[in-house]
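Given next are the chains, with one letter for each unit.
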Amino acid sequence: MSDLMYRSTRRADDVVTASRAVLNGLSADGGLYVPESIPQLPRTMGEFAKMDYRETAFEILKCFLTDYTDEELRHCVEGAYDAKFDDERIVPVTGTGDDYYLELYHGPTIAFKDMALSILPYLMTIAAKKQGIDREIVILTATSGDTGKAALAGFADVPGTKIIVFYPKDGVSPIQKLQMVTQKGANTCVIGVDGNFDDCQTGVKKMFTDAAMKEELAAAGCMFSSANSINIGRLVPQVVYYVYAYARLLSRGVIEEGEPINVTVPTGNFGNILAAYIAKKMGTPIDRLICASNENRVLTDFFESGVYDRNREFILTSSPSMDILISSNLERLIYWICGSSPERCMALMKELSETGKYTITDEMRAQLKDFEAGSAAEADVFKQIRTVFGMWEYLLDPHTAVASRVTDAYRDATGDMKPCVIASTASPYKFTRNVMYALTEAGGDEDDFDLANEMSRISGVPVPKAVTELRGAEIRHKSTCAVDEMPAKVREFLGI
Ligand SMILES: *Cc1c(COP(=O)(O)O)cnc(C)c1O
């Protein structure tokens, strides 16, 4: 059987195998890699219902990463989804009425980024071997808070790699920041940028496409790759849990085989919901894909009007990992709905970078009918945390609460009561202050650790080790820089 190939969204002649796409991260023209076709599910849902997470992951990864051997994929899956997850199911699904929270936060850094970033280092080091690369891989990452720590945890002390993380200096939660600046590992570098997430992401993308810098790196025996969700090695592992979620509801008898469900995803860079879309295209019976935004509702407006317009105020919210105005992964969807034309996709992306805005055609809009979109205001997010805890004694973090709130609003507006899987993307303990504020309306002078203990007392959910181990941990990364100093910081760390 021939390999499934990957193409750049911006250039017709960049066609590569999966391992090459994982290694490159981004195409040299700034485009994202997309699979040439979407494979169909290799098993029935009845069969998936009998599988655990690791088996499901193996089956799904095998469909997309066709130039990896079965042994290699098993090695990746077993290395990634092991006891570093604090629940042996890896992804528990908790039901509250018609809502099913897909808890993607049981990994080492207690956010959903662990689902992909615990496997990416395995996929990447095997890819390097396959491609005969003996250069050091330098992972360049922009983070709105969660990717950075998950990537650091995944790549720390992995031989043959270095990792550099840029985060918005004042745009992450105190716990998120502590998690990153205390990161151990001789190959790690963490820098606070005087700017927002979009500045970090644009800065990183610029370095990826900077030909001169690429040569400097090559001369020093290094190459860049990416741990951001622009890397196909991030996207594919995320497809797994939507198939897994459906199979769990089936095995519990919540649904009959083939009966459709809805899925709501709290969205920032559009990676997680794109994975749900791919799961649907593979044949998972998902009806509505509900894209939930916080007050940075650029995607809500896009789905409602067909106009993507980032020219607006950037709002810092209680769900910082969704404080994003340029959703990178939307480019993959745009590519597909414009007839897989790199020229048309490129033209829209050029418009976005030059004017901050583009409008899609009616023909393209017609292909977005799988999606619903909604946004939640801050006051409603806090209220949702309180309401859900009051009704079900179930604690939501602010990101998940955005999705929960948007799901309720969708149900009220449409009367659609299908079971809904809500992607639960972070532990409430990652955003303790905001969650406690939502529960008790207290401001509180306590530090975040005391607040976490208090939250544990109220909720009965133990404080995760990922939080307790931060107390008193040594601060190892103090570096900050201006947006235009990012390349200099990279050169300094690499000694080039
Ligand atoms: C990254 C993140 C999101 C947004 O996911 P995207 O794939 O960027 O859309 C939502 N919630 C949390 C907690 C995250 O870390």
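The structure this text deals with has already been given above.
On a predicted model such as this, the values are computed, not experimentally measured, just so you know. Going along each chain's sequence as written, the residues are numbered from 1 onward. Under the rules for a predicted model, residues below a pLDDT of 70 receive no local features and side-chain atom pairs below 80 are neither given nor counted, while totals for whole chains, interfaces and linings still include all residues. Only hydrogens and water are removed before side-chain values are computed, so all heavy atoms of the structure are retained for them.

**Observations regarding the overall build of the protein**
Labels follow the DSSP assignment, with helices taken as runs of H or I lasting at least four residues and strands as runs of E lasting at least two, numbered in each case from the N terminus. Helix and strand counts for the protein come out as 22 helices and 16 strands. Taken over C-alpha atoms, the radius of gyration comes to 21 Å for the protein, in line with the 23 Å a tight globule of 496 residues would show. A principal-axis box enclosing the C-alpha atoms of the protein has dimensions of 60 × 50 × 45 Å. Classification of residues uses two cut-offs on accessible area relative to the type maximum, computed with a 1.4 Å probe and protein chains only: under 20% is buried, over 50% is exposed, and between them is partly exposed. Counting only residues that meet the buried cut, the protein has 61% of its 496 residues in that class. For this analysis, residues touch if any pair of their heavy atoms sits within 4.5 Å. For the protein, the proportion of contacts with a sequence separation of at least 24, taken over those separated by at least 6, is 75%. In the structure as shown, the protein presents an accessible area of about 18300 Å², 48% of it carried by carbon and sulfur atoms. Taken over C-alpha atoms, the radius of gyration is set against a globule rule of 2.2 Å times the number of residues to the power 0.38. Only the protein chains shown count as cover for residues, and the accessible areas themselves come from Shrake-Rupley with a 1.4 Å probe.

**Some details on the nonpolar core**
Judged by nonpolar contacts, the single largest core of 117 residues is most densely connected at Tyr6 and Ile334. Counting residues per element, this core draws most heavily on helix H11 (residues 232–251), which supplies 14 residues. Ile334 has contacts with Phe302, Cys345, Leu348, Met349, Tyr358, Ile360 and Met364, leaving out every residue within four places of it along the chain. In this structure, Ala376, Tyr394, Ala403 and Val406 belong to the second largest nonpolar core, which totals 36 residues. Working definition of a nonpolar core: buried Ala, Val, Leu, Ile, Met, Phe, Trp, Tyr and Cys residues. They are joined through side-chain atoms within 4.5 Å.

**Structural notes on the sheet that holds strand E8 (residues 188–194)**
The strand order across the open sheet built from five strands is E9-E6-E7-E8-E16, with neighbouring strands paired in parallel fashion. For this open sheet the edge positions go to strand E9 (222–226) and strand E16 (480–482), each flanked by a neighbour on one side alone. In this sheet, neighbouring strand axes are inclined to one another by 30 degrees on average, regardless of whether the strands run parallel or antiparallel. Should DSSP find at least two bridges between two strands, the strands are taken to pair. Bridging between strand E6 (residues 136–142) and strand E7 (residues 161–168) involves six bridges; their strand directions are parallel. Paired with Ile139 across the bridge in E7 is Ile163. The strands touched by helix H10 (residues 211–219) within the sheet are E6 and E9, with E9 carrying the most contacts at an inclination of about 125 degrees. For helices, the fitted line uses only the C-alpha atoms of the stretch in contact; every axis is such a line through C-alpha atoms, and the angle between N-to-C directions lies from 0 to 180 degrees.

**Description of the pairing of strand E5 (residues 99–103)**
Taken across its five residues, E5 has five buried, putting it largely inside the fold. Every second residue of E5 is oriented toward a common face, with Asp99, Tyr101 and Glu103 on one face and Tyr100 and Leu102 on the other, all of them buried. Judged from the four bridges that link them, strand E4 (residues 93–96) and E5 form a sheet pairing that is antiparallel. Residue pairing across strands places Thr94 opposite Tyr101, the latter belonging to E5. Connecting E4 to the next strand, E5, in antiparallel fashion are two residues, including Gly97 with a positive phi near 65 degrees. Bridge count for E5 against strand E15 (residues 420–424) is five bridges, and the pairing is parallel. Within the sheet, the bridge partner assigned to Glu103 lies in E15 and is Ser424.

**Thoughts on the site of the ligand**
A molecule or strand has a residue near it when one of that residue's heavy atoms lies within 4 Å. Around the ligand, the surrounding shell holds 15 residues, and the nearest of these are Lys113, Asp146, Gly268, Asn269 and Thr425. Any N or O atom pair separated by 3.5 Å or less is treated as a polar contact, with the protein-specific requirement of one donor-capable and one acceptor-capable atom, and with residues adjacent in sequence counted only for side-chain atom pairs. The separation between an oxygen atom of the ligand and a polar main-chain atom of Asn272 is 2.8 Å. Within the side chain of Thr425, a nitrogen or oxygen atom sits 2.8 Å from a nitrogen atom of the ligand. Considered on its own, the ligand offers 380 Å² of accessible surface; in the complex 98% of this is hidden by protein. Among the cavities detected, the one that contains the ligand is the largest cavity. Residues are called lining when one of their atoms sits within 4 Å of a cavity or pocket point, these points coming from a 1 Å grid over the protein atoms alone, where a cavity is a set in which a 1.4 Å probe fits but cannot get out and a pocket is an open set with protein on both sides within 12 Å along at least five of seven lines. Assignment of a molecule to a cavity or pocket requires that more than half of its atoms lie within 2 Å of the corresponding grid points.

**Some thoughts on empty space enclosed by the protein**
Grid points are joined across faces, edges and corners, and a volume is the space filled by probe spheres set on the points. In the structure shown here, the tally under the stated rule is one cavity of 30 Å³ or more. Its volume calculated, the largest cavity comes out at about 260 Å³. Taken together, 25 residues form the lining of the largest cavity, with Phe112, Lys113, Gly268, Asn269 and Ser321 sitting closest to its centre. Of all the elements in the fold, those that place two or more residues in the lining of the largest cavity are helix H7 (146–155), H11 and helix H12 (271–282).

**Details of unusual backbone geometry**
The backbone of Ile110 sits at a positive phi, close to 50 degrees, despite the residue not being glycine. A residue is classified by how much of its surface remains accessible, and Ile110, at 2% relative accessible area, is buried. The phi angle at Phe270 is positive, at roughly 70 degrees, despite the residue not being glycine. Inspection of the secondary structure assignment puts Phe270 in the loop between strand E10 (261–266) and H12.

**Some thoughts on the pattern of salt bridges**
For salt bridges, the criterion is a side-chain nitrogen of Lys or Arg within 4 Å of an Asp or Glu carboxyl oxygen. Taken as a whole and judged by the stated rule, the model has 30 salt bridges. Through salt bridges that share partners, Asp287, Arg288, Glu372, Asp416 and Lys418 make up one connected network.

**Details of the packing of helix H17 (residues 378–392) against helix H19 (residues 432–440)**
Where H17 contacts H19, the axes come no closer than 8 Å and their chain directions differ by 65 degrees. The angle between H17 and H19 places the two elements in the roughly perpendicular class. Crossing handedness for the pair H17 and H19: right-handed. Touching Phe382, Ile385, Arg386 and Phe389 of H17 are Asn434, Val435, Tyr437, Ala438 and Leu439, all from H19. Gly is put with the polar residues, along with every residue not named as nonpolar or charged; the nonpolar set is Ala, Val, Leu, Ile, Met, Phe, Trp, Tyr, Cys and Pro, and the charged set is Asp, Glu, Lys and Arg. Tallied by class, residues from the contact of H17 with H19 come to seven nonpolar, one polar and one charged. Orientation labels follow simple angle bins: below 35 degrees gives roughly parallel, above 145 gives roughly antiparallel, 65 to 115 gives roughly perpendicular, and whatever is left gives oblique. By convention, the crossing between two helices is left-handed when the near helix turns anticlockwise from the far helix through less than a right angle, and right-handed when the turn is clockwise.

**Concerning the packing of aromatic side chains**
Only centres within 6.5 Å qualify two rings of Phe, Tyr or Trp (six-membered ring in Trp) as a pair; their planes then separate them into stacked at under 30 degrees, edge-to-face at over 60, and tilted for everything else. What the rule picks out here adds up to 16 aromatic pairs. A centroid spacing of 6.2 Å and a plane angle of 35 degrees characterise the contact between Tyr277 and Trp336, whose relative ring orientation is tilted. Of this pair, Tyr277 sits in helix H12 while Trp336 sits in helix H14 (residues 330–337), placing them 59 residues apart in sequence. Comparing Tyr277 with Trp336, the two get one shared label, buried. Here the aromatic rings of Phe302 and Tyr308 are separated by 6.0 Å at their centres, their planes lie at 65 degrees, and the arrangement is edge-to-face. Under the relative-accessibility criterion, Phe302 is labelled buried at 1%. A residue is classified by how much of its surface remains accessible, and Tyr308, at 1% relative accessible area, is buried. Connected via pairs of aromatic rings, a cluster forms that spans Phe270, Tyr277, Phe302, Phe303, Tyr308, Trp336, Tyr358 and Phe371.

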